[in-house]
Amino acid sequence: MKCAWNAYTNLLPHWMRQQVDELGQDALEELRLHIGLEPELVLHQENINLPKITTNDDIAFVINAASAYSPWTANSVAQGYLTAPGGHRIGICGVSTVINGIMTGISQPTSLCIRVARDFENIAKTAANVEDSILIIGPPGSGKTTLLRDLIRMKSQNESIAVVDERGELFPLHKGQASFFAGNRTDILSGCPKSYGVEAVLRSMNPRWIAVDEITAPADCEALLHAGWCGVKLLATAHAGSLLDLKSRPVYQPLINTNLFPTVIILRKDKSWTMERLSL
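Cut-offs used in this document
Residues numbered from 1 in each chain as written. Predicted model: local features only at pLDDT ≥ 70, side-chain atom pairs only at ≥ 80, totals over all residues. Heavy atoms only, no water. Buried < 20%, exposed > 50% of the residue type's maximum accessible area, 1.4 Å probe, protein only. Helix = DSSP H or I, 4+ residues; strand = E, 2+ residues; numbered from the N terminus. Contact = heavy atoms within 4.5 Å. Expected span 1.5 Å × (residues − 1). Pairing = 2+ DSSP bridges. Axes fitted to C-alpha atoms, helices over the stretch in contact; angles between N-to-C directions. Salt bridge = Lys/Arg side-chain N within 4 Å of Asp/Glu carboxyl O. Parallel < 35°, antiparallel > 145°, perpendicular 65-115°, else oblique. Left-handed = near helix turned anticlockwise from the far one by under 90°. Phe/Tyr/Trp six-rings, centres within 6.5 Å; stacked < 30°, edge-to-face > 60°. Lys NZ or Arg CZ within 6 Å of the ring centre and 35° of its normal. Polar contact = N/O pair within 3.5 Å; in protein donor to acceptor, adjacent residues only side chain to side chain.

Q: Can you walk me through helix α8 (residues 218–228) in this structure?
A: Residue pairs spaced three or four apart in an α-helix point in one direction, given the helix's 3.6 residues per turn. Inspection of α8 places D220, C221, A223, L224, L225, A227 and G228 among the buried residues, and these make up the whole buried set. Those residues of α8 that are buried are in contact with α7 (194–204), β14 (209–212), β15 (233–239) and α10 (253–257).

Next up, the structure:
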């Protein structure tokens with residue numbers, strides 16, 4: 001298991017770093033901060049609160065520490081998150097700024113969910129030999145990104161893969177290098193929306209596979225459909241608790257109706273998973 005742990009603790013206010021380091025280096029999944037409440041460490045087996053109240057300054061410190069490294073800050077905050085060095089993801093809630101019905105930012109952050117990015121190798125062995133396009137589904141926090149990262153790494157041993165890493169979480173870059181090993185035949189396009197990036201790598205990199213994380217919009221589906229029927233195979237993730245959930249969500253109907261992803265990996269909250277064929 002690999003983790004850019006120092007990058008994570010550097011995001012935190014100084015007063016809580018040592019406690020988080022001692023309690024969570026190997027077991028922390030996420031740290032939750034709410035103004036006026038004690039910080040909550042969500043560990044593998046338990047939750048622990050730190051005995052001090054979170055302030056506005058603490059929230060501001062984390063956001064400033066994370067955003068100073070990201071050229072895509074404004075766009076990502078408008079979607080309610082930041083991706084920090086090391087691939088750690090910070091979810092943000094508070095008072096939003098809305099213009100013409102579109103959220104453009106969060107003017108008064110009141111709570112954060114700071115998730116730890118950890119990399120596990122060889123967890124995708126069972127799926128590595130599948131030759132069809134694969135869709136990984138599961139609820140939030142079930143390990144979709146982690147499994148996809150390892151699957152990309154394994155596939156790239158023999159075939160070329162282009163990764164459109166819109167949020168910089170799959171293979172976060174630091175000074176031009178990925179924080180996690182991406183494989184020998186992996187090309188990474190970071191910070192580009194999937195709807196544009198899929199088309200870009202399809203034209204320019206001649207990949208055998210294209211991988212994206214978190215399909216969330218019709219434009220994402222359209223880009224994947226175009227690439228998939230151009231002879232490229234796909235690896236992707238989506239939020240769904242089961243095949244029934246997947247099939248019931250309108251945004252995914254074009255993918256289901258065309259059988260673009262014949263193989264679906266279904267993750268559970270405990271990080272275990274099963275693999276099924278998607279029948280029409």
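Q: What am I meant to see in helix α3 (residues 56–67) here?
A: Relative to the 16 Å expected for twelve residues at 1.5 Å per residue, α3 spans 17 Å between its end C-alpha atoms, a close match to the ideal helical length. Those residues of α3 that sit buried are D58, I59, V62, I63, A65, A66 and S67.

Q: Please explain the sheet that holds strand β3 (residues 40–43) as it appears in this structure.
A: Hydrogen bonds between backbone atoms are what pair the strands of a sheet, whose relative direction is either parallel or antiparallel. Reading across the sheet, the six strands line up as β4-β3-β2-β7-β6-β5 and stay open at both edges, with antiparallel pairing between neighbours. Among the strands making up the open sheet, the edge pair consists of β4 (47–49) and β5 (81–83). Ignoring strand direction, the axes of neighbouring strands in this sheet form an average angle of 30°. Alignment of strand β6 (residues 89–99) against strand β7 (residues 102–115), held across eleven bridges, turns out to be antiparallel. Opposite T97, over in β7, you have G105 as the bridge partner.

Q: How should the pairing of strand β10 (residues 161–165) be read in this particular structure?
A: The side chains of a regular strand alternate between both faces of the sheet. Counting buried residues along β10, five of its five residues qualify, which places the element largely inside the surrounding structure. Here β10 shows two buried faces, one formed by I161, V163 and D165 and the other by A162 and V164. In the sheet, β10 pairs with strand β13 (residues 186–190) via five bridges, with the strands oriented parallel. Its bridge partner being in β13, V164 is matched across the sheet by L189.

Q: I would appreciate a short explanation of the pattern of salt bridges in the present structure.
A: Pairs can form between side chains of opposite charge whenever their charged atoms are close. According to the stated counting rule, one finds 14 salt bridges in the structure shown. D119 is the salt-bridge partner of R149, the closest N and O atoms lying 3.5 Å from each other. Highlighted residues: R149 in helix α6 (residues 144–155) and D119 in strand β8 (residues 118–119), separated in sequence by 30 residues. Exposure remark for D119: the relative accessible area of 1% places this residue in the buried category. Where salt bridges share partners, they join R89, R167, E169, D213 and E214 into one cluster.

Q: Whenever I open this one, the packing of α7 against α8 confuses me. Can you help?
A: Packed helix pairs are specified by the crossing angle of their axes together with the interaxial distance, meaning the distance between the axes. Running from N to C, α7 and α8 point in directions that differ by 15°, and their axes come no closer than 8 Å. One finds that α7 runs roughly parallel with respect to α8. For the pair α7 and α8, the crossing hand works out as left-handed. Across from K194, S195, V198, E199 and L202 in α7, the residues of α8 making contact are A219, D220, A223, L224, H226 and A227.

Q: What am I meant to see in the packing of aromatic side chains here?
A: Here the distance between the centres and the angle between the planes together describe a pair of aromatic rings. Under the criterion given, the structure shown has one aromatic pair. Taking the centre distance of 5.4 Å and the plane angle of 10° together, the rings of W5 and Y8 count as stacked. Linking W5 with Y8, this pair stays in helix α1 (residues 5–9), spanning three residues, or about one helical turn. There is no split in this pair, since W5 and Y8 are both buried. Across the ring face of Y81, the terminal group of R167 is positioned such that the distance to the ring centre comes to 6.0 Å.

Q: Can you walk me through the environment of R167 in this structure?
A: Within the secondary structure, R167 sits in the loop between β10 and β11 (173–174). Judged by relative accessible area, R167 falls into the buried class, the value being 9%. C-alpha of R167 to C-alpha of S96: the two residues are 71 residues apart in sequence and 20 Å apart in space. Among the polar contacts made by the side chain of R167, one reaches the side chain of D213 at a distance of 3.3 Å.

No statement about biological role is implied by the geometric values presented.
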